[in-house]
Amino acid sequence: MSKIITTDNGQQYKTPGFWPTAGAIVVGKMAGNAIKQFSGHVSVPIVRNMQETSGKMDNQTLRKGIQDAFESSGLRAKGVEILDVKPTDNFKIPGFLKPFSFRPVGEGPSQSGRSFSNTISNAAENLPEPNKKLAEAISKEMPGWFRNSFLGKTYRYILQYTFENGNNAAFFPKTNRIGVNIDKLGASTFHEMGHAINKNMSTFWKGMQKLRAPAMISASLMTLTALFKRPKAEGEQPKNKFDKATTFIKNNVGKLVSLTFVPIVAEELMATHRGNKMAKQFLPADIFKKIKKTNRLGAATYILTGLTTGLAAFTASKVRDLIAAPKKVRHHQRVVNHTTKTAG
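Asks: Hey, could you run me through the overall build of the protein chain in this one?
Replies: When you go through the protein chain residue by residue, the secondary structure sums to 14 helices and 6 strands. Counting all 344 residues of the protein chain, 46% fall into the buried class. Considering only contacts within the protein chain whose residues lie at least 6 apart along the sequence, 74% involve residues at least 24 apart.

Asks: What is the right way to read unusual backbone geometry from this model?
Replies: Residues other than glycine predominantly adopt negative phi, and peptide bonds predominantly adopt the trans conformation. With phi around 60 degrees, Asn176 is a residue other than glycine that occupies positive phi space. Mapped onto the secondary structure, Asn176 falls in the loop between strand S4 (170-172) and strand S5 (177-180). For Asn176, a relative accessible area of 8% corresponds to the buried category.

Asks: Honestly, the packing of aromatic side chains in this entry has me stumped. Any pointers?
Replies: Each aromatic ring pair is specified by the distance between its two centres and by the angle formed by the two planes. For the structure shown, the criterion picks out 5 aromatic pairs. With a centroid separation of 6.3 Å and 55 degrees between ring planes, the pair formed by Phe146 and Tyr155 is classed as tilted. Note on Phe146: relative accessible area 16%, which makes it buried. With a relative accessible area of 42%, Tyr155 lands in the partly exposed category. Between Phe204 and Trp205, the ring centres sit 4.9 Å apart and the planes meet at 85 degrees, which makes this aromatic pair edge-to-face. A network of ring pairs unites the aromatic residues Trp145, Phe146 and Tyr155 as a single cluster.

Asks: What am I meant to see in the side chain of His195 here?
Replies: Examined against the element boundaries, His195 turns out to sit in helix H8 (residues 189-201). Relative accessible area serves as the criterion here: at 6%, His195 is assigned to the buried category. Of note is the side chain of His195, whose polar atom sits 2.9 Å from the side chain of Glu267. The contacts of His195, once residues within four sequence positions are left out, are Phe171, Gln209, Arg212, Glu267, Glu268 and Ala271.

Asks: What is the right way to look at the sheet that holds strand S2 (residues 12-14) in this model?
Replies: Sheet strands associate in pairs through backbone hydrogen bonding, adopting either a parallel or an antiparallel arrangement. Here we have 3 strands laid out as an open sheet, ordered S1-S2-S6, and antiparallel in their pairing. Looking at the sheet topology across the chains shown, the edges are occupied by strand S1 (4-6) and strand S6 (327-328). Where S2 and S6 come together, 2 bridges link them in antiparallel fashion. Considered in S6, the bridge of Tyr13 is made with Lys328.

Asks: Looking at this structure, I do not really get the sheet that holds strand S3 (residues 81-84). What am I missing?
Replies: Within the open sheet, the 3 strands sit side by side as S3-S5-S4. Their pairing is mixed. Of all the strands in the sheet, the pair left with one neighbour each is S3 and S4. On average, each strand axis in the sheet is tilted by 25 degrees relative to the strand beside it, whichever way the strands run. Note that S4 and S5 share 3 bridges and pair antiparallel. Bridge pairing links Phe172 to Arg177 in S5. Across the sheet, helix H4 (residues 129-140) is in contact with S3, S4 and S5; its angle to S3 comes to roughly 115 degrees.

Asks: Mind showing me how you'd approach the packing of helix H12 (residues 253-260) against helix H14 (residues 285-323) here?
Replies: The description of two helices packed together rests on the angle between their axes and the distance between the axes. Orientation of H12 relative to H14, taken along the N-to-C sense of each, is 155 degrees, at an axis distance of 7 Å. Between H12 and H14, the angle falls in the class roughly antiparallel. The two elements H12 and H14 cross, and the hand of that crossing is right-handed. Of H14, the residues touching H12 (which contributes Val253, Gly254, Val257 and Ser258) are Gly306, Leu307, Thr309, Gly310, Ala313, Phe314 and Ser317. Tallied by class, residues from the contact of H12 with H14 come to 5 nonpolar, 6 polar and no charged.

Asks: Please explain helix H2 (residues 59-73) as it appears in this structure.
Replies: Structural remark: α-helix, 3.6 residues per turn; residues separated by three or four positions point the same way. The terminal C-alpha atoms of H2, which comprises 15 residues, lie 21 Å apart, in line with the 21 Å expected from a rise of 1.5 Å per residue. One or two residues past the end of H2 sits Gly74, with phi positive at roughly 85 degrees.

Asks: It is not clear to me how the pattern of salt bridges should be interpreted in this structure. Could you clarify?
Replies: Opposite charge on two side chains allows them to pair when their charged atoms are near. Going through the model one piece at a time under the given rule, you end up with 18 salt bridges. For Arg230, the salt bridge goes to Glu236, with nearest N and O atoms at 2.7 Å. Take Arg230 and Glu236: they sit in the same class, and that class is buried. Members of the salt-bridge network, linked through shared partners, are Lys229, Arg230, Lys232, Glu236, Lys239 and Asp243.

Asks: Help me understand the environment of Ile197 in this model?
Replies: Checked against the element boundaries, Ile197 lands in helix H8. You can call Ile197 buried: its relative accessible area is 9%. Along the chain, Ile197 and Lys78 lie 119 residues apart, while their C-alpha atoms are 9.3 Å from each other. Here Ile197 is in contact with Ser73, Leu75, Ser202, Arg274 and Met278, once residues within four sequence places are set aside.

Rules and cut-offs
Residues numbered from 1 in each chain as written. Predicted model: local features only at pLDDT ≥ 70, side-chain atom pairs only at ≥ 80, totals over all residues. Heavy atoms only, no water. Helix = DSSP H or I, 4+ residues; strand = E, 2+ residues; numbered from the N terminus. Buried < 20%, exposed > 50% of the residue type's maximum accessible area, 1.4 Å probe, protein only. Contact = heavy atoms within 4.5 Å. Phe/Tyr/Trp six-rings, centres within 6.5 Å; stacked < 30°, edge-to-face > 60°. Polar contact = N/O pair within 3.5 Å; in protein donor to acceptor, adjacent residues only side chain to side chain. Pairing = 2+ DSSP bridges. Axes fitted to C-alpha atoms, helices over the stretch in contact; angles between N-to-C directions. Parallel < 35°, antiparallel > 145°, perpendicular 65-115°, else oblique. Left-handed = near helix turned anticlockwise from the far one by under 90°. Nonpolar A, V, L, I, M, F, W, Y, C, P; charged D, E, K, R; others polar. Expected span 1.5 Å × (residues − 1). Salt bridge = Lys/Arg side-chain N within 4 Å of Asp/Glu carboxyl O.

Have a look at this one:
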């Protein structure tokens, strides 16, 4: 329901009603999502490049370097495991989930013939031991309320698929496990060992890792605040501390959202530094150069994500305001024509 606002300078503005505001929020959200999709489209060729670079390395030499670095690092004593996963027939992406993932080069059609609900329920059965441990690791990183929901199972299914096929690699702090397909994305293993060192051998960087989830939640909440908060009319002042805080978030949402990625990017860069240091020590110079290249590409995706997420939040808020901002009330004055009669 619209209402009339009177600003400090006496000017009146009319706020838009519920439906125009709701429509503006939806359109603003869509505009922000379009920006974030751009980041996703850019990331896909980056991962492809990482896969191609990793595939050109001598696999036997790379595996020996990974093993030597792992034993030398002291990570085994800290309970860290490297899970070298392989593709299985348990995980195939159906057509309606293609926008959320991408198939490895040369893979045939996705599975069909049985319901997707049954597929995700049975996907973790009869897996090789590394793949099974990866499924457990992915599951334990999720909140309990989300883990066993259909959406949670679907998300886990997609992640498992991407790891098995070399589209992703990660260190899972809760289980101290590194998931990677070494044949397809082995070059990233050193970076993931860097994450493991950050968690197990540095109180500061372990703390920075723990900021990742709160930072992502904060970015989402600030974006929603900017979307739902109407812009102040010219001359309108915040009414209380909460109004002042949310107005500040709205007016600076792009910068604030990008800033939430600073601890994430910093920890990623430290993991890259540690990984490069190990790779240089245990790999031939030509392979080390390729490791550095893949790590730079990986770091670039996080920096790009931070910048585009901030830009998406800024765009969403601005588009919403263009559609549903308070409108100045124009007061129409009546003009009375007086006629003067003359006596004749």
